[in-house]
Amino acid sequence: MFEGKKPAVLFVCGDPGGAMAVTPVMEALVSDGLVLVQALAYAETSAVWKAKGLPFGELAEGLTYEHILAKLQTLNPELVVTGTSINALEYEKVCIAAAKELGIPSLSVLDFWTNYRYRFSDKSDNLCYLPDRIAVMDQVAFDAMAADGFPTDRLQITGQPAFDDLAAVRDGFSNRSETRKQLGIANEDLMVVFYSQPFSALFGSDERSANYPGYDEFTALEGLLHALEEIAAQTGRIIHLVIAPHMREALEKFAQVKGKHVRVVVDNTIDSRHLALSADLVTGMTSTRLVEACYLQQVVLSLQPGLNKEDTLFINRQGTAIGVYDREDISAQVSIYLLSEDRKQEQLGRLKAFSALSNATQQVKELVYKMIDQHEINFDRGVHHSTNHRRIPC
């Protein structure tokens, strides 16, 4: 496919969602052996790639645009591939800008169905950090991004690589009893999983703030635990609430979440998919893991009590998951989908038609090869051109 020296492809990621999306692509490229895979990680991505055994360099906090520009000049890749992050550093944006300045094509792999413009814009909401191509999950994301003002010629539907193995995981799972045993939960007990997210850190708790969505992980958990306490008291059933923290959340954060009739377990050791497949009910707010749980054919409640904006979680709009927006409704919805087998089967029937796009890893990998092949490659070149810019261009 490529003549001469192997072209280098540089991957840059910070948030764990983006890291999980590009990891299968990195592994596939390494397996093919046609390109040299380079990687730069920061924040939670370092732990993700370390666990996968992928070699990478780390981007420290406080790096300037010039630092990133110099790093790209040294590595001299033929293509820059990024995840997308929402954090204090957002080095993916910096790398896209630096790649553009150096004449290096760039590709971003989207991992979730929210905050499209935020992932590629400056503080004034200008789409300053658009890569040459964006790999998007499905037609839902494509249409939403088009409506948000993204140029459609830069969007390509590929699927989400992190979801490629979900059907196999679901069909091959046989560890329900063992997973429950690790958590101290008997098979006849009721097990409810809550996938947390650090909303309080991301959006604060000031109701006057434009960023505040009307709730956070604590208010969602409070409503859920209250509902489970009522059910346990009324039915006499043994109920366990398993809180699965986000990678940015410490276990100690939930030390004060305790029940009277409900046993609360906070765990970050069990595989999130195994948790979903072992549960009687999956809950959370807007986590990627809720989407995964739907693909795994599990009943999902998205708890967003007090939501003051449009619900951005597409599985709620489709009815694939059940969105709950009023705290007073949480008890009723939890009771229905935890105790009513008929309603649970009705919801599971809706999930049968819900499946992830297959071969997303292959689709993104082929896009990588295509972008390199279309680029005018001179393997003996140095960097594309020098620059005197002293700030991130936009």
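Because the structure is predicted, anything quoted here is derived from the model rather than measured. (Residues numbered from 1 in each chain as written. Predicted model: local features only at pLDDT ≥ 70, side-chain atom pairs only at ≥ 80, totals over all residues. Heavy atoms only, no water.)

1. Details of the overall build of the protein
Condition: We count a stretch as a helix when DSSP gives it H or I for four or more residues in a row; a strand needs E for two or more, and each element gets its number in order from the N terminus. Restricting the calculation to C-alpha atoms gives the radius of gyration, and the globule rule supplies 2.2 Å times the number of residues raised to the power 0.38. Any two residues whose heavy atoms approach within 4.5 Å are treated as being in contact. Note on areas: these come from Shrake-Rupley sampling with a 1.4 Å probe, and a residue is covered only by the protein chains present in the view.
When you go through the protein residue by residue, the secondary structure sums to 15 helices and 13 strands. Computed over its C-alpha atoms, the radius of gyration of the protein comes to 22 Å, within 12% of the 21 Å expected for a compact globule of 394 residues. Overall, the C-alpha framework of the protein stretches about 75 × 50 × 35 Å when taken along its three principal axes. Put simply, 71% of the contacts in the protein that link residues at least 6 apart link residues at least 24 apart. When the accessible surface of the protein is summed, it comes to about 17600 Å², and 47% of that surface belongs to carbon and sulfur atoms.

2. Topic: the pairing of strand β4 (residues 79–82)
Under the convention used in this document: Burial classes follow relative accessibility: with a 1.4 Å probe on protein chains only, a residue under 20% of its type's maximum area counts as buried, one over 50% as exposed, and anything between as partly exposed. Strands qualify as paired when DSSP identifies two bridges or more between them. The definition of a right-handed crossover adopted here requires that, viewed with the strands pointing away, the path from the first strand over the helix to the second runs clockwise.
Of the two faces of β4, the one holding L79 and V81 and the one holding V80 and T82 are both buried throughout. Where strand β1 (residues 8–13) meets β4, 4 bridges bridge the pair, whose relative direction is parallel. Among the inter-strand pairings, L10 is bridged to a residue of β4, identified as V80. Taken together, the 3 bridges between β4 and strand β5 (residues 106–109) define a ladder with parallel strand orientation. If you follow T82 over to β5, its bridge partner there is S108. Crossover connection from β4 via helix α4 (residues 91–102) to parallel β5: handedness right-handed.

3. Description of helix α13 (residues 327–339)
Since one α-helical turn is 3.6 residues long, residues separated by three or four positions face the same way. Test applied: A helix is expected to reach a length of 1.5 Å times the quantity of its residues less one. What the arc describes is the spread of directions from the helix axis to the C-beta atoms. In protein, a polar contact requires one atom able to donate a hydrogen and another able to accept it; more generally it is a pair of N or O atoms within 3.5 Å, and residues adjacent in sequence count only if both atoms are side-chain atoms.
With 13 residues, α13 should reach 18 Å at 1.5 Å per residue; the first-to-last C-alpha distance of 19 Å fits that figure. Of the residues making up α13, those classed as buried are I330, S331, V334, Y337 and L338. Angular distribution of buried residues about the axis of α13 spans 155°; they occupy a single face of the element. In this structure, the buried residues of α13 make contact with β8 (190–195), α9 (217–235), β11 (281–284), β12 (300–303), β13 (322–324) and α14 (341–351). Looking at where α13 begins, the residue whose side-chain oxygen comes 2.9 Å from the main-chain nitrogen of E328 is D326.

4. Overview of the pattern of salt bridges
As a reminder of what qualifies: The salt bridge definition used is simple: a Lys or Arg side-chain nitrogen within 4 Å of an Asp or Glu carboxyl oxygen.
With the rule as written, the count across this model stands at 16 salt bridges. Between K93 and E90 there is a salt bridge, with the nearest N and O atoms lying 3.0 Å from each other. For K93, a relative accessible area of 7% gives the class buried. Note on E90: relative accessible area 13%, which makes it buried. We note a salt bridge from D125 to R117, for which the minimum N-O separation is 3.1 Å. For D125, a relative accessible area of 39% gives the class partly exposed. Through salt bridges that share partners, D15, E44 and R248 make up one connected network.

5. Things to note about the nonpolar core
Within soluble globular proteins, side chains that are nonpolar generally end up buried alongside one another. Basically, it comes down to this: As used here, the term nonpolar core means buried Ala, Val, Leu, Ile, Met, Phe, Trp, Tyr and Cys residues forming a set that is joined through side-chain atoms within 4.5 Å.
W113, I134, M145, L275, V291 and I315 are the most contacted members of the largest nonpolar core, which has 45 residues in total. Among the elements that line this core, the one with the most residues is helix α11 (residues 288–295), at 5 residues. Leaving out residues up to four positions away in the same chain, I315 has contacts with L290, V291, C294, T320, A321 and F354.

6. Details of α11
Burial analysis of α11 places 7 of its 8 residues in the buried class, the great majority of the element. Where α11 is concerned, the buried positions are R289, L290, V291, E292, A293, C294 and Y295. Just past α11, the residue Q297 takes up positive phi, approximately 65°.

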